[in-house]
Amino acid sequence: MLRIDGIFNLNNYDKSAYCDSITGLPDRSYLYRAFRQISSDNRLAEHNISVAFMLIEFDKYKYINDVFVGHRYVEEFSRLSFGLLKECVGGLGLVFSFTGNEFIIIAPHAYGDERPVAVLAESIIDRMRNYAKISSYEISSTANIGISLFPKHSGDIDELLEFADMALYEAKTGGENTYSFYSHELGLYMRKKADVFLSLKKAIDNNELYLEYQPQFDLKCSSITGIEALMRWKSRKLGNVPPSDFIPIAEETGYIMELGRWLIGNAFDMCCRCCKRGLSLTVSLNISPIQLQDKNLLDLIRFNLKKHGIPPSFIKFEITESQAIISNKKNIGMLNEIADLGIGIIIDDFGTGYSSLNYIAQFPIEGVKIDRSFISMLEKNSKMEAVIDAIIHLSRILGISVTAEGVETREQFEKLKRMSCDKVQGFYIGRPMTAEGLEKIIL
Ligand code: C2E
Ligand code: CA
Ligand code: CA
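A brief structural summary.

What counts as what
Residues numbered from 1 in each chain as written. Chains lettered and ligands numbered in written order. Predicted model: local features only at pLDDT ≥ 70, side-chain atom pairs only at ≥ 80, totals over all residues. Heavy atoms only, no water. Donors = N, O, S within 2.8 Å, 3.2 Å for Na, K, Ca; no water. Helix = DSSP H or I, 4+ residues; strand = E, 2+ residues; numbered from the N terminus. Expected span 1.5 Å × (residues − 1). Buried < 20%, exposed > 50% of the residue type's maximum accessible area, 1.4 Å probe, protein only. Arc of directions from axis to C-beta. Pairing = 2+ DSSP bridges. Right-handed = clockwise from strand over helix to strand, strands pointing away. Near = heavy atom within 4 Å. Polar contact = N/O pair within 3.5 Å; in protein donor to acceptor, adjacent residues only side chain to side chain. Nonpolar A, V, L, I, M, F, W, Y, C, P; charged D, E, K, R; others polar.

1. Re the coordination of the calcium ion (ligand 2)
Donor atoms from the polypeptide that coordinate the calcium ion (ligand 2) comprise Glu228 (OE), Asn286 (OD1), Glu318 (OE) and Asp348 (OD), at 2.1 to 2.3 Å from the metal. Along the chain, the residues donating to the calcium ion (ligand 2) fall in the pattern E-x57-N-x31-E-x29-D. Taken as a pair, the calcium ion (ligand 2) and the calcium ion (ligand 3) show a spacing of 4.0 Å, with Asp348 coordinating each metal. Separated by 62 residues along the polypeptide, Asn286 in strand 10 (residues 282-286) and Asp348 in strand 12 (residues 344-350) bring together distant segments of the chain.

Take a look at the structure:
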């Protein structure tokens with residue numbers, strides 16, 4: 001790492017007029033000014049110097065000497081964190097206050113050698129994790145850091161900040177106390193994500209969404225007794241986008257609430273159309289854990305049950321097991337209320353999640369759906385047969401149903417039948433198809 005004062009003369013740093021009026025810390029306007037000075041300095045190219053932009057976000061901080069509330073707490077924390085960062089950085093860079101809990105460090109280093117920047121990032125995270133002592137105060141916090149590089153990534157400060165922000169976002173998805181460098185691949189991915197999100201927001205209004213249905217076959221009565229509704233998006237701008245590309249983005253942005261409302265309206269309508277034709281088919285819907293936080297969900301379900309006049313027992317909600325669901329008591333309450341309405345709750349992708357058995361014990365579930373990865377190993381791995389057998393036995397004892405998903409071959413189908421699995425779903429029975437395609441095979 002290079003000493004910044006050995007390279008640039010930024011004398012009036014602390015005395016600068018470019019300081020936040022409340023915290024007194026050098027702020028964004030000073031950062032712009034310092035960057036102008038640094039980036040126009042010829043010695044940067046002469047000595048092969050790169051400058052790292054480190055965007056640091058502190059989160060969940062604890063302050064243990066005193067109890068401060070409201071703004072004063074935030075200001076105090078800003079001042080203390082700033083002090084700590086200055087201490088960590090020493091003469092190796094400059095620290096600027098960005099927002100209450102965000103800071104920027106600019107740190108020069110030899111072009112192409114980012115190790116010192118990584119070491120600095122690690123030292124900041126470590127200091128904050130273990131109750132840093134500053135003056136007479138002790139604070140601790142989780143920290144995430146996103147880093148972009150001048151001139152490698154850009155020569156424009158706004159772009160460098162935007163890239164550091166993308167890297168910070170990437171770091172946060174990797175968990176607490178992590179740092180990440182911007183890369184052009186990350187930039188492309190984030191832009192694609194933004195594109196998908198912008199188009200997705202218009203998908204409902206533009207009528208670009210539709211449902212496909214995949215049959216579920218009951219092995220006891222040898223007939224199709226249900227269908228799973230799977231969302232499809234034919235975007236005018238992006239073409240066919242698979243759910244694995246847009247559902248995670250919808251979940252991340254909260255837009256899944258809108259999609260979920262659309263799904264409930266349309267899948268309940270399909271159920272009603274089947275009933276009117278005398279077909280007693282259950283309709284399974286994939287419900288995202290985030291949707292369970294929608295306060296209006298129960299009203300929406302009640303409204304649609306009434307509007308379409310369908311028996312609640314014809315509707316199944318498939319929920320993928322995730323830690324997010326079980327750690328939130330409100331979710332368990334919501335699932336209980338949904339089950340009380342008469343809708344069956346099925347645990348999807350059963351076996352792959354965090355705590356399958358915990359789920360069975362805590363949730364009002366009607367059945368489990370064994371994940372496709374288990375079924376695909378059924379013929380290759382004899383232990384897998386024992387695992388599936390155990391799941392089927394356990395389900396019998398608990399009085400819940402078992403569906404096997406991803407059944408692709410006759411051998412898998414026959415084996416699952418011998419093992420007394422209740423239902424199967426997969427390409428062997430039928431691929432997801434449009435409502436018209438479904439009519440052809442069922443009627
Ligand atoms: P999932 O709920 O596990 O859905 C089953 C996926 O496996 C579907 O992919 C289906 O096309 C595919 N599949 C079915 N049978 C077979 C088989 O025999 N072999 C193989 N290799 N694949 C099979 P799809 O439609 O691409 O959906 C992927 C995931 O997207 C779904 O996984 C579900 O988690 C999510 N998803 C789809 N529609 C919705 C929706 O309306 N709402 C929400 N929240 N999620 C949805
Ligand atoms: Ca599913
Ligand atoms: Ca599944």
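Having seen it, we continue.
2. Some thoughts on helix 2 (residues 28-39)
Compared with the 16 Å implied by 1.5 Å per residue over 12 residues, the 16 Å span of helix 2 between its first and last C-alpha is a close match. Within helix 2, burial applies to Tyr30, Leu31, Ala34, Phe35 and Ile38. Considered in projection along helix 2, the buried side chains sweep an arc of 135° and stay on one side of the axis.

3. A few points about the pairing of strand 5 (residues 137-150)
Counting buried positions along strand 5 yields 12 of 14 residues, so the element is predominantly enclosed. Sheet topology note: the strand 5/strand 6 (residues 179-181) ladder contains three bridges and is parallel. Across the sheet, Gly146 pairs through a bridge with Ser180, a residue of strand 6. Handedness of the β-α-β unit built from strand 5, helix 6 (residues 157-173) and strand 6 comes out left-handed.

4. Digging into the site of ligand 1
Ligand 1 sits among 20 residues. The nearest are Gln214, Arg232, Arg372, Glu408 and Phe427. At 2.9 Å from an oxygen atom of ligand 1 is found a side-chain nitrogen or oxygen belonging to Arg232. Within the residue set of the shell around ligand 1, elements represented by two or more residues are strand 8 (223-235), helix 8 (243-253) and strand 12. No other element matches the four residues that strand 8 contributes to the shell around ligand 1. Its residues assigned to classes, the shell around ligand 1 shows eight nonpolar, five polar and seven charged.

So far we have only geometry, and geometry alone does not tell us how the molecule works.
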